[in-house]
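A look at the structure
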Amino acid sequence: MESFPALLCEGNQAMSESVFVVLCEIVGTTEEVAIRRETVEITEIVKRQVTTNDGLIGMLSGSRREGFRLKGSDMDFMYWLNNHRVIMDMSQSEYYNTSNSTLILSDSSKSPPGFTLLQILTPTTDRKVRTACVRMNDRVYISCSIYRELTCSIAFPNSTVHGPCGSGNLAGRVEYDTAFCFVCDFWPLSASSWIHRCNTWPDPEVVDDIVRNGCHFVAIGHPLGPHEKEEWRLSFSQAEQKCVCAMNHCQFLTYGLLKLFLKEVINQKSEETNELLCSYHMKTTIFWAIQQNTLPHWCPQNLLVGFWICFKLLLKWVYEGICPNFFIPQNNLFLTKVHGSAQNRLFLQLHELYKKGLACLLQSSSIRSYIIDVLYNPRAFVCTDESIMKSEVHYDAELFFEINQNAKIFTVVLHNCVKYLYTVEQFVQSPMTQFKVVMLQTHTVPILQKIVFILHNMYTNTRVNKQMYIADKISCHMLKLAARFGFVSDMLYIAMYYYKTLRYREALYVIEMTKVKLAQPYLMYRRHVDRERYTEAVGGQSWSTKMRQAVARDIYLINTTCYISELIPEQQCAQQNGMIELFIPVFVMLHFLEFLCYRHIDTTLSQAALDALQVLVHHDRGLYVHDLYRDISWEILGICQRITGNLQAALYSYQQSLQQYPLHNIQTATQSRIQDMLQSTPWQ
């Protein structure tokens with residue numbers, strides 16, 4: 001047999017096809033990536049339609065927005081004030097009503113390429129923006145360093161500053177970066193050359209869309225510039241997302257391979273060089289390689305050729321010490337990191353890999369075994385037909401998991417709920433794909449549920465019986481409608497409403513029906529599913545039908561709205577600590593409601609429900625109670641035990657709640673419950 005390096009030549013189509021197949025497994029197929037992107041995109045479109053002028057716009061960015069779900073990848077978010085707009089020159093001010101918009105002027109005359117000062121032109125009502133203002137040469141500018149500090153922990157408490165972002169991790173698992181920035185509706189003059197370069201890629205429609213959507217400014221200055229603490233960096237995150245979406249799937253997988261190669265090979269070589277290159281450099285490399293048309297046909301048979309072209313381009317950049325920003329080439333992304341002795345060490349490291357040829361990919365832990373399999377079976381047939389790579393149930397699990405993770409609408413105002421429904425109505429009037437139908441169902445159902453509980457809280461204290469009767473009739477109709485085309489778990493909102501309105505038997509009837517559906521062997525919950533039984537039960541049916549008959553998700557309670565009075569302290573505490581909702585595992589909520597209702601009808605059955613809840617919380621290992629939701633699950637168990645008078649058990653449950661990851665920020669409520677119990681009860 002020939003040596004590995006000899007077999008791993010650029011023209012080895014079988015090897016490229018094999019790597020294509022394994023990357024479809026690791027990174028995702030075309031359909032999986034489309035599901036991830038569209039789930040986020042439709043959710044953000046709906047949210048933006050109802051954001052008030054003075055509201056905050058949020059956007060998922062980075063690799064997750066691009067469609068990656070690689071192990072260890074972080075969550076990147078961008079936020080900006082909807083009523084603050086950056087303009088590039090004074091003539092653009094005519095497009096805005098300055099009575100309700102704060103205008104900011106980008107002044108890049110004294111900044112390095114890709115950076116600018118932001119001058120306040122009109123008064124701002126935002127306290128953090130006012131606090132971040134500094135005066136220079138009789139003009140008022142927004143200091144990036146001050147604004148970054150002020151906004152660092154808004155999205156997630158106790159975040160630390162990292163670059164332009166607030167950073168941290170959730171439960172020691174998922175790292176996040178949140179960047180509070182400013183938006184500009186205009187394409188910057190400094191990036192005009194990019195438009196003229198787009199002769200072959202991206203397509204003209206994509207280029208027009210990118211230019212129409214402008215850019216952002218993130219809170220970090222150039223470390224070698226004269227105003228590092230005041231300057232802002234131009235961000236093209238939105239444009240980059242559109243460029244990534246304009247890639248064909250082979251190009252996207254090549255980008256994924258570059259990310260894996262960076263993480264598993266380049267950054268494992270030396271501690272001295274493992275932070276010099278980042279994923280953004282890999283993205284810049286593939287962008288330039290595609291646009292310069294270095295490979296006429298990006299296809300599975302050429303995947304490794306594309307990878308090698310990108311690697312050689314990266315090697316050239318490291319040798320020269322210049323990595324040109326894709327949109328503003330004068331902005332050298334290597335300027336402050338890849339230079340001097342560090343640059344030399346990195347070049348030598350990359351050159352050693354280069355000398356190995358494509359055999360350097362054998363050092364990647366993710367794909368090494370697959371490459372070796374092909375090397376030992378070079379004539380084995382490799383099928384690159386994506387339509388047979390993954391099963392129907394796999395795509396269903398991907399879709400419903402993404403919906404559960406991303407398709408959440410947070411609103412507490414009745415007027416906004418109505419605006420959401422109007423926005424959904426506009427979608428319905430356009431051509432409807434199966435994907436769009438299920439996404440609209442996903443967004444409509446919680447809006448109907450929220451309207452019901454908002455209406456009930458509005459009419460709770462009214463003395464007009466007719467108004468209460470009409471509101472109740474409408475509420476019951478909306479909840480049943482929501483359950484008719486929502487998830488299996490959405491029936492529990494009917495039970496919650498019946499419990500809240502003292503109709504315990506009706507609530508228990510709904511709970512029993514829900515329990516039967518949740519006990520079906522084909523139920524899909526999070527990613528857990530019996531694939532064979534699920535396929536037998538709902539295989540071949542629409543996503544909309546599968547959602548109604550065979551899929552459950554967790555229960556979300558907005559903290560400004562009372563759903564169950566027993567949870568008011570937790571909701572109030574969480575709200576005071578910045579949490580919009582409580583996330584409660586569906587099976588925990590099922591037993592909780594069953595316990596509460598039976599307390600008024602049959603204490604024996606009430607105890608049975610409590611026993612089932614206790615077994616679930618004590619012994620589940622992540623199947624029905626996600627680790628991140630264990631704080632609220634132990635809390636609910638403690639509440640039930642306290643109601644029955646089992647004080648020792650309640651105390652233990654509350655203490656367990658305090659020891660979990662504090663996702664819901666309910667610790668103060670838990671401690672208060674412990675104190676009340678200790679003070680009001682004569683302990684033996």
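What counts, and where the lines are drawn
- Residues numbered from 1 in each chain as written.
- Predicted model: local features only at pLDDT ≥ 70, side-chain atom pairs only at ≥ 80, totals over all residues.
- Heavy atoms only, no water.
- Helix = DSSP H or I, 4+ residues; strand = E, 2+ residues; numbered from the N terminus.
- Rg over C-alpha atoms; globule rule 2.2 N^0.38 Å.
- Buried < 20%, exposed > 50% of the residue type's maximum accessible area, 1.4 Å probe, protein only.
- Contact = heavy atoms within 4.5 Å.
- Areas by Shrake-Rupley, 256 points an atom, 1.4 Å probe, with all protein chains shown as cover.
- Lys, Arg positive; Asp, Glu negative; His and termini not counted.
- Charge placed at Lys NZ, Arg CZ, Asp CG, Glu CD.
- Axes fitted to C-alpha atoms, helices over the stretch in contact; angles between N-to-C directions.
- Nonpolar A, V, L, I, M, F, W, Y, C, P; charged D, E, K, R; others polar.
- pLDDT = per-residue confidence, 0-100.
- Expected span 1.5 Å × (residues − 1).
- 1 Å grid on protein atoms, 1.4 Å probe; cavity = no way out; pocket = protein on both sides within 12 Å on 5 of 7 lines; lining within 4 Å.
- Points joined across faces, edges and corners; volume = space filled by probe spheres on them.
- Pairing = 2+ DSSP bridges.
- Phe/Tyr/Trp six-rings, centres within 6.5 Å; stacked < 30°, edge-to-face > 60°.
- Arc of directions from axis to C-beta.
- Polar contact = N/O pair within 3.5 Å; in protein donor to acceptor, adjacent residues only side chain to side chain.
- Disulfide = S-S within 2.5 Å.
- Parallel < 35°, antiparallel > 145°, perpendicular 65-115°, else oblique.
- Left-handed = near helix turned anticlockwise from the far one by under 90°.

As a further point, take the overall build of the protein. Within the protein, the regular secondary structure consists of 28 helices and 15 strands. The C-alpha atoms of the protein give 28 Å as radius of gyration, which agrees with the globular expectation for 684 residues (26 Å, within 12%). Seen along its three principal axes, the alpha-carbon backbone of the protein occupies a region of about 80 × 75 × 60 Å. Here the protein, with 684 residues, has 56% of them falling under the buried criterion. Taking contacts inside the protein between residues at least 6 apart in sequence as the whole, the part at least 24 apart equals 70%. Entry remark: accessible area of the protein is about 30100 Å², with carbon and sulfur atoms responsible for 52%. Taking the average location of the 61 positive side-chain charges in the protein and that of its 63 negative ones, the two points are 4 Å from each other.

This part takes up the packing of helix α17 (residues 434-459) against helix α22 (residues 543-550). Taken N-terminus to C-terminus, the directions of α17 and α22 make an angle of 35°; their axes are 8 Å apart at the nearest point. Across the interface between the two elements, Gln434, Phe435, Val437, Val438, Gln441 and Thr442 of α17 pack against Trp543, Ser544, Met547 and Arg548 of α22. Grouping the amino acids of the contact of α17 with α22 by side-chain chemistry returns five nonpolar, four polar and one charged.

With that settled, consider the environment of Thr131. Inspection of the secondary structure assignment puts Thr131 in helix α5 (residues 127-131). Here Thr131 falls in the partly exposed class, since its relative accessible area comes to 43%. Sequence-wise, Thr131 and Arg36 are 95 residues apart; in three dimensions their C-alpha atoms are separated by 38 Å. Aside from chain neighbours lying at most four places away, what touches Thr131 is Ile146 and Leu150.

What follows concerns the confidence of the model for the protein. Detailed reading of the predicted coordinates is not advisable wherever pLDDT is low. For the protein, the mean per-residue pLDDT works out to 91, and 96% of the residues sit at or above 70. Scored below 50 in pLDDT, residues 1-11 shows 23 contacts in the model against residues more than four places distant or in partner chains.

It helps to recall that an α-helix has 3.6 residues per turn; residues three or four apart then point in one direction. Taking 1.5 Å as the rise per residue, helix α15 (residues 392-406) with 15 residues should run 21 Å; its terminal C-alpha atoms sit 21 Å apart, in good agreement. Summarising burial for α15: 12 of the 15 residues are buried, a large majority. Those residues of α15 lying buried are Val393, Tyr395, Asp396, Ala397, Glu398, Leu399, Phe400, Phe401, Glu402, Ile403, Asn404 and Asn406.

To continue, consider empty space enclosed by the protein. In total, this model carries three cavities of 30 Å³ or more according to the counting rule given. The calculated volume of the largest cavity comes to roughly 160 Å³. Taken together, 13 residues make up the lining of the largest cavity; nearest its centre are Pro446, Lys450, Tyr493, Arg553 and Tyr556. Examining the composition of the lining of the largest cavity, we find that three residues originate from one element, α17, more than from any other. Across the lining of the largest cavity, the residue classes tally to six nonpolar, one polar and six charged. In this structure, the second largest cavity encloses a volume near 50 Å³. Considering the residues around the second largest cavity, the lining is formed by Phe400, Phe401, Asn404, Phe487, Tyr525, Arg526, Val551, Ala552 and Arg553. Contributing elements (two or more residues each) for the lining of the second largest cavity: α15 and β13 (551-552).

Turning our eyes to something else, we now look at the pairing of strand β5 (residues 133-136). With four bridges connecting them, β5 and strand β6 (residues 139-142) associate as antiparallel partners. Bridging across to β6, Val134 finds its partner in Tyr141. In sequence, β5 turns back onto β6 through a hairpin of two residues, with Asn137 there showing a positive phi of about 50°.

Glancing now at the packing of aromatic side chains. Per the counting criterion, the structure on display carries 39 aromatic pairs. Each ring, one from Phe182 and one from Trp232, has its centre 5.2 Å from the other, and the planes form 65°; the classification is edge-to-face. In this pair, Phe182 sits in strand β9 (residues 174-184) while Trp232 sits in strand β11 (residues 232-235), placing the two residues 50 residues apart along the sequence. A centroid spacing of 5.3 Å and a plane angle of 50° characterise the contact between Tyr319 and Phe347, whose relative ring orientation is tilted. Here Phe347 lies in helix α13 (residues 340-355) and Tyr319 lies in helix α12 (residues 303-320), a separation of 28 residues in the sequence. Accessibility expressed as a relative area gives 60% for Tyr319, which makes it exposed. Members of the aromatic cluster, each reached through a chain of ring pairs, are Trp187, Trp194, Trp201, Phe236, Phe287, Trp288, Phe326 and Phe327.

Okay, helix α25 (residues 603-619) next. Its 17 residues give α25 an end-to-end C-alpha distance of 24 Å, which sits within 8% of 24 Å, the value for a rise of 1.5 Å per residue. The set of residues buried in α25 consists of Ser606, Ala609, Leu610, Leu613, Leu616 and Val617. Projected down its long axis, α25 carries its buried residues within an arc of 120°, all on one side. Residues of α25 that are exposed and point over 90 degrees away from its buried face: Thr604 and His619. Of the residues that open α25, the one with a side-chain oxygen 2.9 Å from the backbone nitrogen of Thr604 is Asp602.

Within the fold, Glu320 resides in helix α12. Residues Glu320 and Thr561, 241 residues apart in the sequence, show an inter-C-alpha distance of 59 Å.

Let us look at the state of the cysteines. Within the structure shown, the criterion is met by zero disulfides. Cys243 supplies the cysteine sulfur nearest to Cys245, a cysteine that is in no disulfide, at a spacing of 9.4 Å. With a relative accessible area of 41%, Cys245 lands in the partly exposed category.

In this section: the side chain of Asn325. Here Asn325 shows up in the loop between α12 and α13. Only 2.8 Å separates the side chain of Asn325 from the backbone nitrogen of Phe327, close enough to count as a polar contact. What Asn325 contacts, discounting residues up to four positions off in sequence, is Tyr280, Trp288, Asn331 and Leu333.

In this section: the packing of helix α9 (residues 237-245) against helix α11 (residues 279-291). Contact pair α9 / α11: the axes reach a minimum separation of 12 Å and the direction vectors enclose 55°. It follows that α9 is oblique to α11 by the angle criterion. α11 is crossed by α9, and the crossing has left-handed handedness. Counted together, Glu240, Cys243 and Val244 of α9 and Tyr280, Lys283 and Phe287 of α11 form the full contact between these two elements. Counted by class, the contact of α9 with α11 contains four nonpolar, no polar and two charged residues.

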